[in-house]
Amino acid sequence: MEQYTSLSSVQKDIKSGKLQLVELVNKYLERIEDKKHLNAFVEVYAAEARQQAVTVNEKILSGSGGKLAGMVVGIKDLICYQGHKVSAGSKIIENYTSIFSSTVVERLLAEDAIIIGRQNCDEFAMGGSNENSYYGAVKNDADNSKVPGGSSGGSAVAVQAGLCLASLGTDTGGSVRQPAAFCGVVGLKPTYGRVSRHGIIAYASSFDQVGPITHTVEDAALLMEVIAGPDDYDSTASQLPVPEYSQCLTLSEKKRIAYLPETLSSEGLDPEVKALTEQTIQRLLDEGHSVEPISFPYLDYVVPTYYILTMAEASSNLARYDGVHYGYRSPNAVDLETTYKKSRSEAFGAEVKRRILLGSFVLSAGHYDAFYGKAQRVRRLIREKTDEILENHDFILLPTTPGPAFGIGEKTDDPVTMYLADIFTVQASLAGIPAISLPLGKTNNNLPLGVQFIGKRFGEAELLAFSKYLLDVTKAH
Ligand code: GLN
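J.: Is there a simple way to think about the overall build of the protein chain in this case?
T.: Scanning the protein chain from terminus to terminus reveals 16 helices and eleven strands. On C-alpha atoms alone, the protein chain measures out to a radius of gyration of 21 Å, which is about the 23 Å that the 2.2 N^0.38 rule sets for 477 residues. Judged by the C-alpha coordinates and their principal axes, the protein chain covers about 65 × 55 × 45 Å. Long-range pairs, those at least 24 residues apart, make up 75% of the contacts in the protein chain between residues at least 6 apart in sequence. For the protein chain, the accessible area works out to roughly 18,300 Å², and carbon and sulfur atoms hold 50% of it. Of note, the protein chain has its 46 positive side-chain charges centred 1 Å away from the centre of its 57 negative side-chain charges.

J.: What is the right way to look at the side chain of Gln-209 in this model?
T.: Looking at the secondary structure, you find Gln-209 in strand S6 (residues 209-214). Overall, the relative accessible area of 1% leaves Gln-209 in the buried class. A polar contact of 3.2 Å, which involves the side chain of Gln-209, links it to the backbone nitrogen of Val-195.

J.: Is there a simple way to explain the pattern of salt bridges in this structure?
T.: Between side chains of opposite charge, pairing is possible as soon as their charged atoms come close. Throughout the structure, instances matching the rule amount to 23 salt bridges. A salt bridge links Lys-18 to Glu-2, with the shortest nitrogen-to-oxygen separation between them at 3.8 Å. Here Lys-18 is found in the loop between helix H1 (7-15) and helix H2 (21-34), whereas its partner Glu-2 is found in the segment before H1, with 16 residues between them in sequence. Its relative accessible area of 42% is what places Glu-2 among the partly exposed residues. Put simply, Glu-351 and Arg-355 hold a salt bridge, and the shortest N to O gap is 2.7 Å. Taken together, the residues span about one helical turn, with Glu-351 and Arg-355 both in helix H12 (residues 350-363) at a distance of four residues. Taken individually, Glu-351 and Arg-355 each receive the classification buried, so the pair is uniform in this respect. Taken together, the shared-partner salt bridges in this structure form one network comprising Glu-2, Asp-13 and Lys-18.

J.: Sorry if this is basic, but what is going on with the site of the ligand here?
T.: Taken together, 15 residues form the shell around the ligand, and within it Thr-172, Gly-173, Ser-175, Tyr-203 and Tyr-306 come nearest. With respect to the ligand, the side chain of Tyr-307 contributes an N or O atom lying 3.3 Å from an oxygen atom. Measuring from a nitrogen atom of the ligand, one finds a side-chain N or O atom of Asp-422 at 2.9 Å. Contact with the protein chains hides 98% of the accessible area of the ligand, taken as 290 Å² for the molecule alone. Across the shell around the ligand, the residue classes break down as five nonpolar, seven polar and three charged.

J.: Teacher, can you tell me more about the confidence of the model for the protein chain here?
T.: Parts of the model with low pLDDT should not have their predicted coordinates read in detail. For the protein chain, the average pLDDT comes to 98, and 100% of its residues sit at 70 or higher. Least confident of the elements in the protein chain is helix H14 (residues 415-420), whose mean pLDDT is 96; most confident is strand S5 (residues 186-189), at 99.

J.: Quick question: what am I supposed to make of a nonpolar patch on the surface here?
T.: Side chains of Val-324, Leu-336 and Tyr-340 sit close together on the surface and give an oily, nonpolar patch of about 260 Å² of accessible area. Summarising the element assignment, Tyr-340 is placed in helix H11 (residues 336-347).

J.: Sorry if this is basic, but what is going on with the pairing of strand S7 (residues 256-259) here?
T.: The side chains of a regular strand alternate, first on one face of the sheet and then on the other. Here four bridges tie S7 to strand S8 (residues 290-293), and the two strands are oriented parallel to one another. Of the residues in S8, the one forming a bridge with Arg-256 is Ser-290. Two elements, S7 and strand S9 (residues 395-399), share three bridges in a ladder whose sense is parallel. Note on S9: the bridge partner recorded for Ala-258 is Ile-396.

J.: Can you help me understand unusual backbone geometry in this one?
T.: As a rule of thumb, non-glycine residues mostly have phi less than zero, and peptide bonds are mostly trans rather than cis. Following Gly-150, the chain continues to Ser-151 via a peptide bond in cis, the omega torsion being 5°. Even without a glycine there, the phi angle at Ala-88 is positive, about 55°. Along the polypeptide, Ala-88 turns up in the loop between strand S2 (72-76) and helix H4 (103-110).

J.: I keep staring at helix H10 (residues 299-317) and nothing clicks. Help me out?
T.: Since the α-helix packs 3.6 residues into each turn, any two residues three or four apart lie on the same face. Helix length check: H10, at 19 residues, gives a terminal C-alpha distance of 28 Å against a target of 27 Å (1.5 Å per residue), a fit within 8%. Counting buried positions along H10 gives 14 out of 19 residues, so the element sits mostly inside the fold.

J.: Please explain the sheet that holds strand S3 (residues 114-119) as it appears in this structure.
T.: The pairing of strands in a sheet happens through backbone hydrogen bonds and is either parallel or antiparallel. Read from one edge to the other, the open sheet built from eleven strands follows the order S1-S3-S2-S4-S6-S5-S10-S11-S9-S7-S8, with strand pairing classed as mixed. The outermost strands of the open sheet, each flanked by one partner alone, are strand S1 (41-44) and S8. Direction aside, the axes of adjacent strands within the sheet are offset by 30° on average. In the sheet, strand S10 (residues 435-442) pairs with strand S11 (residues 448-454) via seven bridges, with the strands oriented antiparallel. The residue of S11 that forms the bridge with Leu-438 is Val-451. Against the sheet, helix H3 (residues 46-62) engages S1 and S3, with an angle of about 160° to S3.

J.: Got a minute to help me understand H2 in this structure?
T.: For H2, which comprises 14 residues, the first-to-last C-alpha distance of 20 Å matches the rise-based estimate of 20 Å (1.5 Å per residue) to within 8%. Among all positions of H2, only Leu-21, Leu-24, Val-25, Tyr-28, Leu-29, Arg-31 and Ile-32 are buried. The buried side chains of H2 occupy one side of the element, clustering within an arc of 160° when seen end-on. Close packing links the buried residues of H2 with H1, S1, H3, S2 and S3.

J.: I tried to follow the nonpolar core on my own but got confused; where do I start?
T.: Among soluble globular proteins, nonpolar side chains are generally buried collectively. Counting 140 residues, the largest nonpolar core has Leu-108, Phe-124 and Phe-453 as the members making the most contacts within it. It is H10 that provides the largest number of residues to this core, a total of nine residues. What Leu-108 contacts, discounting residues up to four positions off in sequence, is Leu-68, Val-73, Ile-75, Ala-113, Ile-115, Leu-168, Leu-223, Val-226 and Ile-227. If you look at the next biggest cluster of nonpolar residues, it comprises five residues, including Val-147, Phe-182, Ala-405 and Phe-406.

J.: Is there a simple way to think about the environment of Arg-107 in this case?
T.: Looking at the element boundaries, Arg-107 is found in helix H4. When the C-alpha atoms of Arg-107 and Ala-88 are compared, they prove to be 21 Å apart, with 19 residues separating the residues in sequence.

J.: Hey, could you run me through the packing of helix H7 (residues 217-227) against helix H16 (residues 460-476) in this one?
T.: Across the interface, H7 lies against H16 with an axial gap of 9 Å and an inter-helix angle of 165°. With respect to their mutual orientation, H7 and H16 come out roughly antiparallel. Here H7 runs over H16; the crossing is left-handed. Listed contacts from H16 to Val-217, Glu-218, Ala-220, Ala-221 and Met-224 of H7 are Glu-460, Leu-464, Ser-467, Lys-468 and Leu-471. For the contact of H7 with H16, a count of residues per class yields six nonpolar, one polar and three charged.

What counts as what
- Residues numbered from 1 in each chain as written.
- Predicted model: local features only at pLDDT ≥ 70, side-chain atom pairs only at ≥ 80, totals over all residues.
- Heavy atoms only, no water.
- Helix = DSSP H or I, 4+ residues; strand = E, 2+ residues; numbered from the N terminus.
- Rg over C-alpha atoms; globule rule 2.2 N^0.38 Å.
- Contact = heavy atoms within 4.5 Å.
- Areas by Shrake-Rupley, 256 points an atom, 1.4 Å probe, with all protein chains shown as cover.
- Lys, Arg positive; Asp, Glu negative; His and termini not counted.
- Charge placed at Lys NZ, Arg CZ, Asp CG, Glu CD.
- Buried < 20%, exposed > 50% of the residue type's maximum accessible area, 1.4 Å probe, protein only.
- Polar contact = N/O pair within 3.5 Å; in protein donor to acceptor, adjacent residues only side chain to side chain.
- Salt bridge = Lys/Arg side-chain N within 4 Å of Asp/Glu carboxyl O.
- Near = heavy atom within 4 Å.
- Nonpolar A, V, L, I, M, F, W, Y, C, P; charged D, E, K, R; others polar.
- pLDDT = per-residue confidence, 0-100.
- Patch = residues over 30% accessible without salt bridge, like charges linked within 9 Å, V, L, I, M, F, W, Y side chains within 5 Å.
- Pairing = 2+ DSSP bridges.
- Expected span 1.5 Å × (residues − 1).
- Axes fitted to C-alpha atoms, helices over the stretch in contact; angles between N-to-C directions.
- Arc of directions from axis to C-beta.
- Core = buried A, V, L, I, M, F, W, Y, C linked by side-chain atoms within 4.5 Å.
- Parallel < 35°, antiparallel > 145°, perpendicular 65-115°, else oblique.
- Left-handed = near helix turned anticlockwise from the far one by under 90°.

Here it is, written out as structure tokens:
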């Protein structure tokens, strides 16, 4: 069977009678089995997906299918789906079943998407390699000795390896964009507040966003138009109307793009990533766009600022896993205090503990001003400078990651090196603005590479249209 990479081709073949949706679902289920070694899925909903496929197939044929009819989607194990388990890649809620669905899941189902399973991720989305999962590391399908990126590693690999057509991940500091770059697919982090977080397990609430991972920009646009928008259950979801992203994918004019010279001279930037970024700049110039260097003097501060703030927020968000309300309770506990201590000590992984400890430290009375207060002020500077650049430019171009996918185990002993690898993704997260990673190249060893574009606040439509244009132009060469 043909390996589908876009919803439009799936829908076309179903309409013409060439394809039955249930066959396609079976194909994905077979591939999930064949590629079990990748460890992309934590759980597969085989029977349900087959059943839904029969219904949706009929709807497509009768012309009553929703916008996502025929789209087989996987969801990160952080996204609640009523009656299904959700564990955030953690032992602490390993056996927790969602009592309601997240808004994004409700919206997917309302438009006839088929949810095929939940996908492996770093514990509570804390990580950039998917090695912090209670269910073990995930492998990159381009090279099984490499990581897929994280924290939405399972979600990106599932699309890369053809285990589903699209995934929903979450991005706090790069967790959709970085694995998308490592796996050669498209990953979009929307503007903060564009997509409801109702029913999404929280990591750092002033950053978290849900975002699509797809082969094509068209499918990312479709998913966005379905999941975005106001939500009575999430007061941080913006009231701004949602454009029909999939209908505004044509680029109407030449664009003004800024690139940040500091990113290209940054220490540890891989020469192949640098070359691809420079080639992309050259291509855009050749196509008649304006691309100019604009200094961003805060690059050295983005990673420390991001980690101080997210660890602080995480330490507060994760206080709810106390062994009392729900989730794991230590069998060795004898009173309230040992219930807290032992349950949390026994069921959180090392990285999550590190962040809870550091987050509690930066919020503690004696250190609050020096760390948390200061980081908030620096965040504001970063946001204002970034907004200022975007007042005069449509987009900011920068690499998604300093290098291609690294080896499994290569950075696990050195958390700071792991954190520093987020240097290019956290700027958009701190500023709360949209950013997309596009699969624009490969290394000599055939590892995928991404280039990132940051857009204006709530400028997803322009960012998506430009992304489609750039992928098309690059393909044509
Ligand atoms: N790697 C970053 C971190 O560990 C980003 C994670 C994310 O976006 N969820 O925090």
